[in-house]
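Summary of the model geometry
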Amino acid sequence: MHSFLQRGNALLAYTLSVLACLTFACFISTVFLNYRTDVDISTVRIVLKNIPDYSASREENDLGFLTFDLQTDLKHLFNWNVKQLFVYLTAEYETPNNKLNQVVLWDKIILREENAKLDFKNINTKYYFWDDGNGLKGNKNITLTLSWNIIPNAGFLPNIFAQGSHSFKFPAEYTTSRI
Amino acid sequence: MFKFIDNWHMDFVGQAWAEKLSRIIITLFGAIGLVYGYALQQFSMTVYILGAGFALASLLTIPPWPMYRKNPLNWQPVKNKDKDNSSKKAKKISDYALDEISFNISSY
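Numbers given for residues are sequential positions, taken from 1 along each chain in its written order. The order in which chains are written sets their letters, starting at A; the order in which ligands are written sets their numbers, starting at 1. Totals for whole chains, interfaces and linings use every residue, but because this is a predicted model, local features are given only for residues with pLDDT of at least 70 and side-chain atom pairs only at 80 or more, for both listing and counting. Based on all heavy atoms of the structure, the side-chain values leave hydrogens and waters out of the count.

**A few points about the overall build of chain A**
- The helix count covers DSSP runs of H or I at least four residues long, the strand count covers runs of E at least two residues long, and both are numbered beginning at the N terminus. Helix and strand content of chain A: one helix and eight strands.
- N-terminal to C-terminal, the α/β element order of chain A is α-β-β-β-β-β-β-β-β.
- In this description the radius of gyration comes from C-alpha coordinates, and the expected globular size is given by 2.2 Å times residues to the power 0.38. Its C-alpha atoms give chain A a radius of gyration of 23 Å, clearly above 16 Å, the size a compact globule of 179 residues would have.
- Principal axes of the C-alpha set define a box for chain A whose edges measure 85 × 35 × 30 Å.

Here it is, written out as structure tokens:
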């Protein structure tokens, strides 16, 4: 605390130390919270096509189209250490080639000030449901699950799986008409 | 008007006070910010309140206000040691150096 600049430096350094402690307190106050909650998912329309995937190998692969309903309330997940949620819908299924396939079909960023009570009816997927072969045709167990990343001010970036999922099956025949 | 700024230094007692006061202010504002931010569930409030504490502490403890200059050191007057003119320059310098550090520290 000898000169003008040294006093300013000491003050700034101490303030930043206190800020680090406060941030840690914010992290500790939320690290043990349970961020899981219930979700209702259901499929409305399921269409299966077999068309060339020009973005990859030009081979004809299975492409699923589906519309779905989604209801959940994520309002209570927000607190002073949650800036936003990254919500995404994943399809999981098994094929002869792969024990586990996971395809992200839809996602949404929910900021804290936005409406977190989701109620979607008959919405399209955001991303293509491509299989890397013919694994979707007649597949009897495709499971849709909703998950979310919590983007915090400080601390971990947890990946939470919602309670509740929806299973459906693809038809055994390809749709040839335009959709 | 700002005559006390002609020298930006505090005395030693003033320095100790300034440091203690700045620590108290920033810690207090940090604690208030933590409670208020938790109550509002808004961490930005915590950061803003800590920032206000920083501004207040900067204003109160960085400039050498008169309250930090009440205990100046009592320096001994410079003694004139020009009796021995034949002595070498190096000797003279060391004598002056000795004089400089022999201030009366017990006076504060």
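**Comments concerning unusual backbone geometry**
- Of note in this structure, Asn122 of chain A is not a glycine but carries a positive phi near 55°.
- Within the secondary structure, Asn122 of chain A is located in strand β5 (residues 117–124).
- The buried label goes to any residue with under 20% of its type's maximum accessible area, the exposed label to any with over 50%, and the partly exposed label to all in between, with areas taken from a 1.4 Å probe on protein chains only. We classify Asn122 of chain A as partly exposed; its relative accessible area is 43%.
- A positive phi angle, near 55°, is found at Gln41 of chain B, a position not held by glycine.
- Considering the arrangement of structural elements, one finds Gln41 of chain B in the loop between α1 (12–40) and α2 (43–61).
- Here Gln41 of chain B falls in the partly exposed class, since its relative accessible area comes to 22%.

**Side note on α1 of chain B**
Residues and elements named next belong to chain B.
- A helix is expected to span 1.5 Å for every residue after the first. In a regular helix each residue adds 1.5 Å, so 29 residues correspond to 42 Å; α1 covers 42 Å between its end C-alpha atoms and thus fits that length.
- Residues Gly14, Gln15, Ala18, Ser22, Ile25, Ile26, Gly30, Gly33 and Gly37 constitute the buried set of α1.
- Looking at the residues trailing α1, positive phi occurs at Gln41, about 55°.

**So, the confidence of the model for chain B**
Residue and element names in this part refer to chain B.
- Mean pLDDT over chain B: 79, with 68% of residues reaching 70 or higher.
- A residue's pLDDT is simply how confident the predictor is in it, with values from 0 to 100. Predicted confidence in chain B is weakest over helix α3 (residues 89–101), with a mean pLDDT of 52, and strongest over α2, with 96.
- The contact criterion used is simple: two residues touch if any of their non-hydrogen atoms lie within 4.5 Å. Counted against residues more than four places away or in other chains, residues 103–108, with its pLDDT under 50, gives six contacts.
- Overall fold confidence (pTM) sits at 0.77, and the ipTM for the predicted complex is 0.81.

**Describing the packing of helix α1 (residues 4–30) of chain A against α2 of chain B**
- Working convention: axes come from line fits to C-alpha atoms, limited for helices to the stretch in contact. Angles between N-to-C directions cover 0 to 180 degrees. Contact geometry of α1 of chain A with α2 of chain B gives a least axis separation of 11 Å together with a crossing angle of 160°. By the criterion of interaxial angle, the relationship of α1 of chain A to α2 of chain B is roughly antiparallel. Classified by chirality, the crossing of α2 of chain B by α1 of chain A is right-handed. Between α1 of chain A and α2 of chain B, the contacting residues are Arg7, Leu11, Leu12, Thr15, Val18, Leu19, Leu22, Thr23 and Cys26 of chain A on the first element and Phe43, Thr46, Val47, Leu50, Phe54, Ala57, Ser58 and Thr61 of chain B on the second.
- Any residue outside Ala, Val, Leu, Ile, Met, Phe, Trp, Tyr, Cys, Pro, Asp, Glu, Lys and Arg is labelled polar, Gly included; the first ten of those are nonpolar and the last four are charged. Within the contact of α1 of chain A with α2 of chain B, the residues separate by chemical class into 11 nonpolar, five polar and one charged. For this classification, under 35 degrees means roughly parallel, over 145 means roughly antiparallel, 65 to 115 means roughly perpendicular, and everything else is oblique. Each crossing is labelled by how the near helix is turned from the far one, with a counterclockwise turn of less than a right angle marking it left-handed and a clockwise turn marking it right-handed.

**Some remarks on the packing of aromatic side chains**
- Whether two aromatic rings pair depends on their centres lying within 6.5 Å, for rings of Phe, Tyr and Trp, where Trp uses its six-membered ring; planes under 30 degrees apart make the pair stacked, over 60 edge-to-face, and the rest tilted. As enumerated under the stated definition, the model contains 10 aromatic pairs over all chains in all.
- Here Phe27 of chain A and Phe156 of chain A contribute two aromatic rings whose centre-to-centre distance is 5.5 Å and whose plane-to-plane angle is 75°, an arrangement assigned as edge-to-face. Placement of the pair is Phe27 of chain A in helix α1 and Phe156 of chain A in the loop between β7 (142–151) and β8 (159–168), with a sequence separation of 129 residues.
- Taking the relative accessible area as the measure of exposure, Phe156 of chain A reaches 58% and is therefore exposed.
- A connected cluster of aromatic rings, assembled from ring pairs, spans Tyr93, Phe129, Phe168 and Phe170 of chain A.
- Placement of a positive charge over a ring is assigned whenever Lys NZ or Arg CZ falls within 6 Å of the ring centre and within 35 degrees of the normal to the ring plane. In this structure, Lys20 of chain B packs its charged tip against the face of Trp17 of chain B, placed 5.4 Å from the ring centre.
- Arg23 of chain B extends its terminal NZ or CZ atom over the ring of Tyr14 of chain A, reaching a point 4.6 Å from the ring centre.

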